[in-house]
Amino acid sequence: MGGVLLFYYLVALLILIIDQVTKWLIVKNMELGQSIPVIDQVFYITSHRNRGAAFGILQDQRYFFIVVTVIVLGAIVYYLQKHAHDTLLKTALALVLGGAVGNFTDRLLRGEVVDFLNVYIGSYDFPIFNVADSALVVGVGLIFIQSFMESKKKEPENEQI
């Protein structure tokens, strides 16, 4: 493994560490359901647990998520090692890797994911999330951007045919 790839694995590790430390702080210092306003009516730290996936779907499917995550983690590492050649894609994969391992760790150790970032957009209470979720969303967003940029690079070739 080259030194350049090591950097991206360290990014994933840093995300994992920040994710797990923040979750540990929530579990140790807050009661379940307790909410602390950071910016009133906009942002709260709220102790919450999720036994499902995003937005609470597929509740209590722990083993399903463990199996799927192992497969996804294998695919991410393989793709990072063999096919990711540009910085944007490697960064995106590192974010997804760190986020996936963060929530995977929760499912293995706790049987549920610790969520605590609670945002209100107007009167809408966005589903409570965590650092791992944030890394996953940003990483997937970057993958979409990179894919869009790649397709734009290839368009002129397709028009000549």
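Residues numbered from 1 in each chain as written. Predicted model: local features only at pLDDT ≥ 70, side-chain atom pairs only at ≥ 80, totals over all residues. Heavy atoms only, no water.

### Let's talk about the packing of helix α1 (residues 3-29) against helix α3 (residues 87-109)
At step 1: Put simply, α1 and α3 touch, their axes get as near as 8 Å, and they point 35° apart. In the crossing of α1 with α3, the sense of the turn from one axis to the other is right-handed.
At step 2: Looking at the contact of α1 with α3, its residues break down into 12 nonpolar, 8 polar and 4 charged. (Axes fitted to C-alpha atoms, helices over the stretch in contact; angles between N-to-C directions. Helix = DSSP H or I, 4+ residues; strand = E, 2+ residues; numbered from the N terminus. Left-handed = near helix turned anticlockwise from the far one by under 90°. Nonpolar A, V, L, I, M, F, W, Y, C, P; charged D, E, K, R; others polar.)

### Digging into α3
Owing to its 3.6 residues per turn, the α-helix aligns residues three or four sequence positions apart on the same side.
At step 1: For α3, spanning 23 residues, the distance from its first C-alpha to its last is 33 Å, which sits close to the expected 33 Å at 1.5 Å a residue.
At step 2: Judged by how many residues are buried, α3 sits mostly within the fold: 17 of 23 residues are covered.
At step 3: If you check the start of α3, you find a side-chain oxygen 3.2 Å away from the backbone N of L88, and it comes from D86.
At step 4: In the segment just after α3, G111 is the residue with positive phi, at about 80°. (Expected span 1.5 Å × (residues − 1). Buried < 20%, exposed > 50% of the residue type's maximum accessible area, 1.4 Å probe, protein only. Polar contact = N/O pair within 3.5 Å; in protein donor to acceptor, adjacent residues only side chain to side chain.)

### Side note on the packing of aromatic side chains
At step 1: Tallied over the full model, the rule gives 4 aromatic pairs.
At step 2: Arranged with centres 5.1 Å apart and planes meeting at 85°, the rings of F7 and Y8 form a pair that is edge-to-face.
At step 3: Judged by its relative accessible area of 6%, Y8 is buried.
At step 4: Ring geometry for F126 versus F129: centroids 6.1 Å apart, planes at 90°, classification edge-to-face.
At step 5: Pairwise contacts between aromatic rings join Y124, F126 and F129 into one cluster. (Phe/Tyr/Trp six-rings, centres within 6.5 Å; stacked < 30°, edge-to-face > 60°.)

Bear in mind that shape data such as this cannot, by itself, settle questions of function.
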